[in-house]
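Residue-level listing of the chains:
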Amino acid sequence: MARTLQHAGFSAYVTGGAVRDMLLSIPAHDVDLATSATTADIIALFPGAVEAGGRFRIVLVPIDGQRIEIATLRPASADSASRQHCPHIAGSPAEDAAQRDFTINALYYDPGQERLTDFHGGMADLQDKVLRTIGNPDERFRDDPMIMLRAIRFAHRLGFSIASEAVASIDRHAALIAKVSPERLFAEVARQLTSGQAAGCMRDLCRHRLHAALLPELRKDLLDSQSSFTGLALQSVDDSLARGTRMSASFVFAALLWPQLKRAWDALQKNGWGVMPALERAAHDVCSAQSACLGIRERVAGDIHAIWSTQAYFAIGPHRAGADLDQHPRFRAGYNLFQLRCAAQEVDPELANAWSAQRRR
Ligand code: ATP
Ligand code: MG
């Protein structure tokens, strides 16, 4: 891909996580390229390429199941708003590097010349296993508070520490997270939850009070609660991913938000609501309250709702619910959630045993 751009007369570099992960010998999530070609040039060169929005304009090129993200090198003078609207001006690699988040994410590899350029001491930080922002962390986090969340994810995924001045700055600026759009927040939290390091990431979000604008009840459920449900659920998600089991974002969110749903469901039943209407109402209330801070996509919200609905069937036991439930489109995910609830001793042991006996048959 970089060669195609170079053969067409543009400069092109592998950068971002693609270089970082290659140097750490871990599989990269996607391939990040930076080029002097403009968005229109890239689209003309790669059939099937699509432009994607987001904070920085990128072009996505899916090739052989791999996700290639190509961005035009960002010029120094452009602020983020004009970068959005003027994708036809390319900057130099140095200008582009100065606007990236962490030193280890600003290494540029030119495959034509087989040369690596390190503008901000990223190689030394890779060696020392340190995440350091490019430039003053206060300015970086004020400019884009999302970088604080990315710091937590990279620290856990790579096993790196966050530079102490950046940690102190996160603690000062955590409240700015509320300024990031709910859609960007949803994408980042979904990535943390399915990173294989969900338990560590969620604990750190709470410790640094980054959770408040995202998942306001998380701290209560994960750190302060007497119940072990949330910690156990996140650990189980991480263990399943480590075994290679696929985990949908819907399932992980359904598990993470379960304690909230349970509180709302129980409260409505105490007020005289029937089991199923109470569950439906509680699911609606929890999902819409949550979507206001974290823009849960509609399809995902529908899925979460369906997974929760199965719990009303599990509550009435396998003899009465068995046949209906097998047909439920989210039965598998619902049963996994039910098992987590059993493991957290939230379910009457007799009911739990009846279901496991039925599933063994
Ligand atoms: P991974 O793809 O493994 O999650 P990554 O570092 O490649 O990690 P991407 O989201 O693919 O992350 O972004 C590619 C690169 O773009 C980053 O490495 C970083 O250099 C830059 N980048 C991404 N988001 C930001 C941001 N919010 N602010 C500054 N630079 C960013
Ligand atoms: Mg990447």
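Residues numbered from 1 in each chain as written. Chains lettered and ligands numbered in written order. Predicted model: local features only at pLDDT ≥ 70, side-chain atom pairs only at ≥ 80, totals over all residues. Heavy atoms only, no water.

Some points on the overall build of the protein
Then comes step 1: Counting its secondary structure elements, the protein contains 20 helices and 9 strands.
Then comes step 2: Within the protein, the proportion of its 361 residues that are buried is 50%.
Then comes step 3: Within the protein, residue pairs in contact and separated by at least 24 positions form 64% of the contacts whose partners lie at least 6 positions apart.
Then comes step 4: Counting only carbon and sulfur atoms, one obtains 51% of the accessible surface of the protein, whose full area is about 16700 Å².
Then comes step 5: Counting 40 positive and 40 negative side-chain charges, the protein places the averaged centre of each group 4 Å from the other. (Helix = DSSP H or I, 4+ residues; strand = E, 2+ residues; numbered from the N terminus. Buried < 20%, exposed > 50% of the residue type's maximum accessible area, 1.4 Å probe, protein only. Contact = heavy atoms within 4.5 Å. Areas by Shrake-Rupley, 256 points an atom, 1.4 Å probe, with all protein chains shown as cover. Lys, Arg positive; Asp, Glu negative; His and termini not counted. Charge placed at Lys NZ, Arg CZ, Asp CG, Glu CD.)

What to know about the coordination of the magnesium ion (ligand 2)
Then comes step 1: Taken together, the protein ligands of the magnesium ion (ligand 2) are Asp 30 (OD) and Asp 32 (OD), with distances of 2.0 to 2.6 Å.
Then comes step 2: By relative accessible area, which is 10% here, Asp 30 ends up buried. (Donors = N, O, S within 2.8 Å, 3.2 Å for Na, K, Ca; no water.)

Observations concerning the packing of aromatic side chains
Then comes step 1: Scanning the model with the defined rule gives 10 aromatic pairs in all.
Then comes step 2: Through successive ring pairs, a cluster of aromatic residues spans Phe 314, Phe 331, Tyr 335 and Phe 338.
Then comes step 3: The ring of Phe 154 carries the charged tip of Arg 153 above its face, separated from the ring centre by 5.0 Å. (Phe/Tyr/Trp six-rings, centres within 6.5 Å; stacked < 30°, edge-to-face > 60°. Lys NZ or Arg CZ within 6 Å of the ring centre and 35° of its normal.)

Topic: the site of ligand 1
Then comes step 1: Of all residues adjacent to ligand 1, which total 19 residues, the nearest are Arg 20, Asp 144, Arg 153, Arg 157 and Arg 191.
Then comes step 2: Here a nitrogen atom of ligand 1 sits 2.8 Å away from a polar atom, N or O, in the side chain of Asp 144.
Then comes step 3: Arg 153 places a polar side-chain atom, nitrogen or oxygen, 2.9 Å from an oxygen atom of ligand 1.
Then comes step 4: In the complex, 91% of the free accessible area of ligand 1, which totals 590 Å², lies under the protein chains.
Then comes step 5: Contributions of two or more residues to the shell around ligand 1 are made by α2 (16-23), α8 (146-158) and α10 (182-193).
Then comes step 6: With 5 residues, α8 is the single largest residue contributor to the shell around ligand 1. (Near = heavy atom within 4 Å. Polar contact = N/O pair within 3.5 Å; in protein donor to acceptor, adjacent residues only side chain to side chain.)

A closer look at the environment of Arg 243
Then comes step 1: Positionally, Arg 243 belongs in the loop between α13 (229-242) and α14 (249-256).
Then comes step 2: Residue Arg 243 is classed as exposed on the basis of its relative accessible area of 62%.
Then comes step 3: Each C-alpha atom of the pair Arg 243 and Val 31 lies 24 Å from the other, and the pair is 212 residues apart in sequence.

Some thoughts on the domain arrangement of the protein
Then comes step 1: Looking at the protein, the domain boundaries give domain 1 (1-119) and domain 2 (223-360).
Then comes step 2: Taking the mean C-alpha position of each, domain 1 and domain 2 sit 41 Å from one another. (Domains from an automatic or database assignment.)

Overview of α8
Then comes step 1: Taking 1.5 Å per residue, 13 residues should reach 18 Å; α8 reaches 18 Å between its end C-alpha atoms and fits that length.
Then comes step 2: All of the buried residues along α8 are Met 146, Ile 147, Met 148, Leu 149, Ala 151, Ile 152, Arg 153, Phe 154, Ala 155 and Leu 158.
Then comes step 3: Just past α8, the residue Gly 159 takes up positive phi, approximately 70°. (Expected span 1.5 Å × (residues − 1).)

What about the nonpolar core?
Then comes step 1: Grouped together as the largest cluster of nonpolar side chains are 89 residues, with contacts concentrated most on Met 202 and Trp 308.
Then comes step 2: A per-element tally of this core places α8 first, with 9 residues.
Then comes step 3: Each of two domains, domain 1 (1-119) and domain 2 (223-360), supplies a minimum of three residues to this core.
Then comes step 4: Ignoring anything within four residues of it in the chain, the contact list for Trp 308 reads Ala 254, Leu 257, Trp 258, Leu 261, Leu 279, Ala 283, Val 286, Cys 287 and Leu 337.
Then comes step 5: Ranked by size, the runner-up nonpolar core spans 9 residues in total, among them Phe 331, Tyr 335, Val 347 and Ala 352. (Core = buried A, V, L, I, M, F, W, Y, C linked by side-chain atoms within 4.5 Å.)

Topic: the packing of α10 against α14
Then comes step 1: At a closest axis distance of 10 Å, the pairing of α10 and α14 adopts a crossing angle of 90°. Relative to α14, α10 is oriented roughly perpendicular. Judged by residue contacts, Phe 186, Val 189, Ala 190 and Leu 193 of α10 engage Ala 249, Val 252, Phe 253 and Leu 256 from α14.
Then comes step 2: Residues of the contact of α10 with α14, tallied by class, amount to 8 nonpolar, no polar and no charged. (Axes fitted to C-alpha atoms, helices over the stretch in contact; angles between N-to-C directions. Parallel < 35°, antiparallel > 145°, perpendicular 65-115°, else oblique. Nonpolar A, V, L, I, M, F, W, Y, C, P; charged D, E, K, R; others polar.)

Section: α10
Then comes step 1: For α10, spanning 12 residues, the distance from its first C-alpha to its last is 16 Å, which sits close to the expected 16 Å at 1.5 Å a residue.
Then comes step 2: For α10, the complete set of buried residues consists of Leu 185, Phe 186, Glu 188, Val 189, Ala 190, Gln 192 and Leu 193.
Then comes step 3: Tucked into the core, α10 has its buried residues touching α8, α11 (198-207), α13, α14, α16 (275-293) and α17 (298-315).

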